[in-house]
Amino acid sequence: MNIQINHKQEIPDSYLNISYYLNKYLHELPEPPLDPKTKQPIGPDALARLFPQELIRQEVTLEEFVPIPEEVQELYKMYRPTPLLRARRLEKVLGTPARIYFKYEGVSPVGSHKLNTALAQAYYNKKEGVRMLTTETGAGQWGSALALACKLFDMKCKVFMVKSSYAQKPYRKTVMHLYGAEVTASPSRETKSGTAFLLKDSKTTGSLGMAISEAVEVAATTEGAHYALGSVLNHVLLHQTIIGQEAKLQLMKEDVVPDVVIGCCGGGSNLAGISFPFLADKLSGKRNALRVVAVEPKACPSLTCGEYRYDSGDSAGMTPLMKMYTVGSDFVPPAIHAGGLRYHGDSPLISFLYHKKLIEAAAFSQQQCFRAAEIFAQAEGIIPAPESSHAIAQVISEAARAKKEGKRTVILFNLSGHGLLDLGAYEEFLQGGLYT
Ligand SMILES: *Cc1c(COP(=O)(O)O)cnc(C)c1O
C-alpha cells in the first residue's frame, strides 16, 4: 500500500534559497551571468526590460528564505501539498530491498511541476503592471503552466512552441489555447531571429534555444510585455523548492531520510526543487552521505558530455552568457519525446553543484527510459511524462545496486509530471518504432 496522503498538511510559506547555503558553507557562488556584448557581469538594469524587479532581486538574493506571497499560497492550495507515495509494488517487481518514495507533481492542473513557478512569476509581473508575458515551450508543459497562470492573473500570454513538439503534441497546443494563450510554432517568420533560423535551415525541427530567442525578441520589442522562463534561472529553481520542503516533512512523518535523491534534468528546476532542501543539510554538514543524481537523455547530454564554460542561453545569442555545462547553444538535439529535456545547457546553480561534485549525473537512451516508464506504469498505475521516465530509469538502476549490495537504501525521486498527453509517444514505443 502507498503511504497516507495528508492533504491537511500545510504548504511551505517560503522558498528555500540554496545560494544562502553555498555562500555560508562553501564561501563560493556560481559565476555571474555576463552581458553578451561587453562580456561584463550583467547589471539589474539590463534585465529590467524582460523581468520584474522582484524576480531580478530573487536572482541574486542571499537570504535563506523568500516569503511566498499570500495570493500565490492561496493558488498553490489548488493542488498542494502534492502526494508523497511509496512505490511498494515497484519495489516488489524489482525484488529490491531499497525503499522507493516519489513526490508526484503530476497532480497539478497542468500535469507538471511547472505551475509552481508560473504562478509566482505571473504574480510578480502582474504586481509591477505587466500586461503580457512571452515564453518558449518544448513539450508544452511550461507553456500550459504559464498560459494558466496568465489567465488567473488576467494577463495575455504568447508562447513559441518548438516545431518538433508542435507536431508531436497537438493536444498541448489545445490546452494552451483553452487557457487563452496564443501559440506559434518556432522558428517562425513572426520574428527577426525566427526568420534568420529558417533562412539557415528551412526544415529545422526547432529547439528551445531558438524559441527562447523569438520569445525574448517579442518581449523586448512589445510595450507592456515581459518574458518568462520556465527553468534554468535562479529564481525558477528557488520557486520549485516547495517540492523538496514538502517532501522532507512528509518523509519525516514516516521517520525516514533519503540516501539518494533523483530527478530528471532539462534546465534543472524539478531536480533543484526536490533536492535543494536536502542539499542544504548536506552543505551544512548534517547529511554528508546524501547523494543527488541528475538524469538526462543520451541525446542531449549536457552534464555528462558537455563542457563547463560560458555559453548563451539561446541560439541567437540574445540572452546573457551563463556559466554552465553545455553541448553548445547551436546544438539541435534529435526530436526525442522528452521535449522538456532538449535544452543545450543546464542552470548555472545545477552546473556549479555538479562541478563541485556535490551532485552526480547519469544519462539514458530514449528506449531505456520508455522501458522504465512501462515497468513503473504497470506497477504503480501512473503513466509518467517522458521527461520523468529518465528519473525512473536511474531509480531502477539504484534499486538493482541496493539489491546487489543487500542494502535498504532509501530512494526519493521526483515524478515531475504525468504522460497522459504523451500517448502518441507511448504508442510509438509499444509499436517498436522508437529510435534509441
Ligand atoms: C519541463 C519539464 C522537465 C524539465 O525541466 P527541468 O527544469 O529540468 O525540471 C521535466 N519534467 C517535466 C514533466 C517537465 O515538464
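Scroll up a little and you will see the structure.
Quick notes on the rules
- Residues numbered from 1 in each chain as written.
- Predicted model: local features only at pLDDT ≥ 70, side-chain atom pairs only at ≥ 80, totals over all residues.
- Heavy atoms only, no water.
- Helix = DSSP H or I, 4+ residues; strand = E, 2+ residues; numbered from the N terminus.
- Rg over C-alpha atoms; globule rule 2.2 N^0.38 Å.
- Buried < 20%, exposed > 50% of the residue type's maximum accessible area, 1.4 Å probe, protein only.
- Pairing = 2+ DSSP bridges.
- Axes fitted to C-alpha atoms, helices over the stretch in contact; angles between N-to-C directions.
- 1 Å grid on protein atoms, 1.4 Å probe; cavity = no way out; pocket = protein on both sides within 12 Å on 5 of 7 lines; lining within 4 Å.
- Points joined across faces, edges and corners; volume = space filled by probe spheres on them.
- Nonpolar A, V, L, I, M, F, W, Y, C, P; charged D, E, K, R; others polar.
- Phe/Tyr/Trp six-rings, centres within 6.5 Å; stacked < 30°, edge-to-face > 60°.
- Lys NZ or Arg CZ within 6 Å of the ring centre and 35° of its normal.
- Contact = heavy atoms within 4.5 Å.

Colleague: Would you explain the overall build of the protein chain in this entry?
Modeller: Of the regular secondary structure elements, the protein chain holds 19 helices and 14 strands. For a compact globule of 436 residues, the expected C-alpha radius of gyration is about 22 Å, and the protein chain comes in at 20 Å, within 12% of that figure. Based on the C-alpha atoms only, the size of the protein chain along its principal axes is roughly 60 × 50 × 40 Å. Expressed as a percentage of its 436 residues, the buried residues of the protein chain come to 64%.

Colleague: What am I meant to see in the sheet that holds strand E3 (residues 84-86) here?
Modeller: One key point about sheets: their strands pair by backbone hydrogen bonds, in either a parallel or an antiparallel sense. Spatially, six strands are ordered E3-E4-E14-E9-E10-E13 in an open sheet, and the strand pairing comes out mixed. Of all the strands in the sheet, just E3 and strand E13 (360-364) have a single pairing partner and so form its edges. In this sheet, neighbouring strand axes are inclined to one another by 25° on average, regardless of whether the strands run parallel or antiparallel. Direction of pairing for E3 relative to strand E4 (residues 99-104): antiparallel, over a ladder of three bridges. The residue of E4 that forms the bridge with Leu85 is Phe102.

Colleague: Just checking my understanding: could you explain empty space enclosed by the protein for this structure?
Modeller: With a probe scaled to a water molecule rolled over the atoms, the places where space remains empty come into view. Taken as a whole and assessed by the stated rule, the structure comprises three cavities of 30 Å³ or more. Its boundaries defined by the atoms lining it, the largest cavity holds a volume of some 360 Å³. In terms of lining residues, the largest cavity is bounded by 30 residues, among which Lys114, Gly230, Ser231, Gly267 and Gly340 are the most central. For the lining of the largest cavity, the secondary structure elements donating two or more residues are strand E5 (132-137), helix H7 (141-152), helix H11 (208-221) and helix H14 (269-283). Here the lining of the largest cavity is built from residues that sort into ten nonpolar, 17 polar and three charged. Lining the second largest cavity we find Leu16, Asn17, Ile18, Ser19, Gln58, Glu59, Thr61, Asn234, Leu237, Leu238, Phe276 and Leu349. Mapped by element, the contributors of at least two residues to the lining of the second largest cavity are helix H1 (18-26), helix H3 (53-60) and helix H12 (234-240). At three residues, H12 tops the list of elements feeding residues into the lining of the second largest cavity. Along the lines of polarity and charge, the residues of the lining of the second largest cavity split into six nonpolar, five polar and one charged.

Colleague: I would appreciate a short explanation of the packing of aromatic side chains in the present structure.
Modeller: Describing an aromatic ring pair means giving the distance of the ring centres and the angle of the ring planes. Evaluated as defined, the whole model comprises 13 aromatic pairs. Each ring, one from Phe102 and one from Phe376, has its centre 5.3 Å from the other, and the planes form 80°; the classification is edge-to-face. Of this pair, Phe102 sits in strand E4 while Phe376 sits in helix H17 (residues 366-380), placing them 274 residues apart in sequence. Take Phe376: its relative accessible area is 0%, and that puts it in the buried class. Ring pairing ties together the aromatic residues Tyr20, Tyr21 and Tyr25, which thus form one cluster. Over the ring of Tyr166 we find Lys173; its NZ or CZ atom is 4.0 Å from the centre of that ring. Here Lys323 stacks its cationic end above the ring of Tyr308, 4.6 Å away from the centre of that ring.

Colleague: Is there a simple way to explain the sheet that holds strand E7 (residues 182-186) in this structure?
Modeller: Strands sit in the order E7-E6-E5-E8 across an open sheet of four strands; the sheet is parallel. At either end of the open sheet lies a strand with only one pairing partner, and these are E7 and strand E8 (225-227). Averaged over all adjacent pairs, the angle separating strand axes in this sheet is 25°, with direction ignored. Across three bridges, the pairing between E5 and E8 is parallel. Following the sheet pairing, Leu133 is matched in E8 by His226. Sitting on the sheet, H7 touches E5 and strand E6 (156-162), and the angle it makes with E5 is about 165°.

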